[in-house]
Amino acid sequence: MQRQKVDAFEAALRLLPQAREALGAYPLSSEQKRLWLLAQLTDAETLPVMACYQFTGTMDIALVQQNLSAWVAHSEALRSVFVEVMGQPVRLLMPMGQVKLEYFQQLYAENDLAEWVNAPFDLGLGPLLRIFIIRINAQCYELRLCGHPIVVDEYSLPVSYTHLTLPTILRV
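Residues numbered from 1 in each chain as written. Predicted model: local features only at pLDDT ≥ 70, side-chain atom pairs only at ≥ 80, totals over all residues. Heavy atoms only, no water.

### Quick notes on the sheet that holds strand 2 (residues 49-56)
Strand order across the open sheet formed by four strands is 2-8-7-6, with mixed pairing between neighbours. Strand pairing shows two members of the sheet lacking a second neighbour, strand 2 and strand 6 (100-105), which therefore form its edges. Taking each pair of neighbouring strands and ignoring which way they run, the sheet shows an average axis angle of 15°. Two elements, strand 6 and strand 7 (residues 129-137), share six bridges in a ladder whose sense is parallel. Looking at the pairing, Gln-105 lines up with Arg-135 of strand 7. (Pairing = 2+ DSSP bridges. Helix = DSSP H or I, 4+ residues; strand = E, 2+ residues; numbered from the N terminus. Axes fitted to C-alpha atoms, helices over the stretch in contact; angles between N-to-C directions.)

### As for helix 4 (residues 61-73)
Compared with the 18 Å implied by 1.5 Å per residue over 13 residues, the 18 Å span of helix 4 between its first and last C-alpha is a close match. Considered for burial, the residues of helix 4 that qualify are Val-64, Asn-67, Leu-68, Trp-71 and Val-72. The buried residues of helix 4 all sit within an arc of 135° when viewed along its axis, so they share a single face. Set apart from the buried face of helix 4 by more than 90 degrees, the exposed residues are Ala-62 and Gln-66. (Expected span 1.5 Å × (residues − 1). Buried < 20%, exposed > 50% of the residue type's maximum accessible area, 1.4 Å probe, protein only. Arc of directions from axis to C-beta.)

### Remarks on the confidence of the model for the protein chain
Per-chain confidence: the protein chain averages 81 in pLDDT, with 87% of residues scoring 70 or above. Highest mean pLDDT in the protein chain belongs to strand 5 (residues 88-93) (93); lowest belongs to strand 9 (residues 170-171) (48). (pLDDT = per-residue confidence, 0-100.)

### Here we look at the sheet that holds strand 4 (residues 80-85)
Read across the sheet, three strands follow the order 1-5-4 without closing on themselves; strand pairing throughout is antiparallel. Strand pairing shows two members of the sheet lacking a second neighbour, strand 1 (24-26) and strand 4, which therefore form its edges. Taken pair by pair, the neighbouring strands of this sheet meet at an average axis angle of 35°, ignoring direction. One ladder, built from six bridges, connects strand 4 with strand 5; its direction is antiparallel. By the bridge assignment for strand 5, Val-85 is matched with Gln-88. Each of strand 4 and strand 5 is contacted by helix 3 (residues 30-41), which is oriented at about 65° to strand 4, the strand it contacts most. (Contact = heavy atoms within 4.5 Å.)

### Some details on the packing of aromatic side chains
For the structure shown, the criterion picks out two aromatic pairs. Note on Phe-55 and Tyr-141: the rings are 6.0 Å apart at their centroids and 25° apart in plane angle, and the pair reads as stacked. Residue Phe-55 is found in strand 2, and its partner Tyr-141 is found in strand 8 (residues 140-147); the two are separated by 86 residues along the sequence. Under the relative-accessibility criterion, Tyr-141 is labelled buried at 6%. The lysine or arginine in question, Arg-130, covers the ring of Phe-121, its NZ or CZ lying 3.8 Å from the ring centre. (Phe/Tyr/Trp six-rings, centres within 6.5 Å; stacked < 30°, edge-to-face > 60°. Lys NZ or Arg CZ within 6 Å of the ring centre and 35° of its normal.)

### A word on the nonpolar core
Core analysis: the largest hydrophobic core is formed by 34 residues, its most contacted members being Trp-71, Phe-82, Leu-129, Ile-131, Ile-150 and Leu-157. Every element with two or more residues in this core is listed here: helix 3, strand 2, helix 4, helix 5 (106-118), strand 7 and strand 8. Those residues in contact with Ile-131, other than ones at most four positions away along the chain, are Leu-68, Trp-71, Val-99, Lys-100, Leu-101, Glu-102, Leu-143, Arg-144 and Leu-145. In this structure, Leu-13, Val-81, Val-85 and Leu-92 belong to the second largest nonpolar core, which totals nine residues. (Core = buried A, V, L, I, M, F, W, Y, C linked by side-chain atoms within 4.5 Å.)

### Describing the pattern of salt bridges
Two side chains of opposite charge can pair, provided their charged atoms sit close to one another. Throughout the structure, instances matching the rule amount to four salt bridges. Arg-91 is the salt-bridge partner of Glu-76, the closest N and O atoms lying 3.9 Å from each other. With Glu-76 in the loop between helix 4 and strand 4 and Arg-91 in strand 5, this residue pair connects regions lying 15 residues apart in the sequence. Across the pair Arg-144 and Glu-142 runs a salt bridge, and its minimum N-O distance is 2.3 Å. Taken as a pair, Arg-144 and Glu-142 share a single burial class, namely buried. (Salt bridge = Lys/Arg side-chain N within 4 Å of Asp/Glu carboxyl O.)

Encoded structure:
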């Protein structure tokens, strides 16, 4: 009986397009289950986890994108999407992560940025991390990281990014 349930679960999982590309399927942690349940029960959007950095120097957007991609490649959480299979939430580990990088000029930033930050996350498709670069002037930038709390928390987002990426995105 138990084997039949497992076989049925695996067959249902294989029917999902995301699962065909996934490296593996894993159960959710208790905190992820709580966040998943909240997302399913309410129409209210989960508040994103935010980190913000201001810096000066000359920025190379291609280098920023390259470093962000490397950072996401090293993080299983940031390469995850979350789907439901037979009523159970499942974390799919994808081979490549997605990150949404948006660039704004200061003049237009606040209204557009608020719209992007408040946009709902799609747990099943991703990306679950958004990066915003705001050019304040020729040598001053603000970098904002916005992630869904199912994959990042207030501690891991700034610490991971600071250690892995921030020192290498500027040509000072």
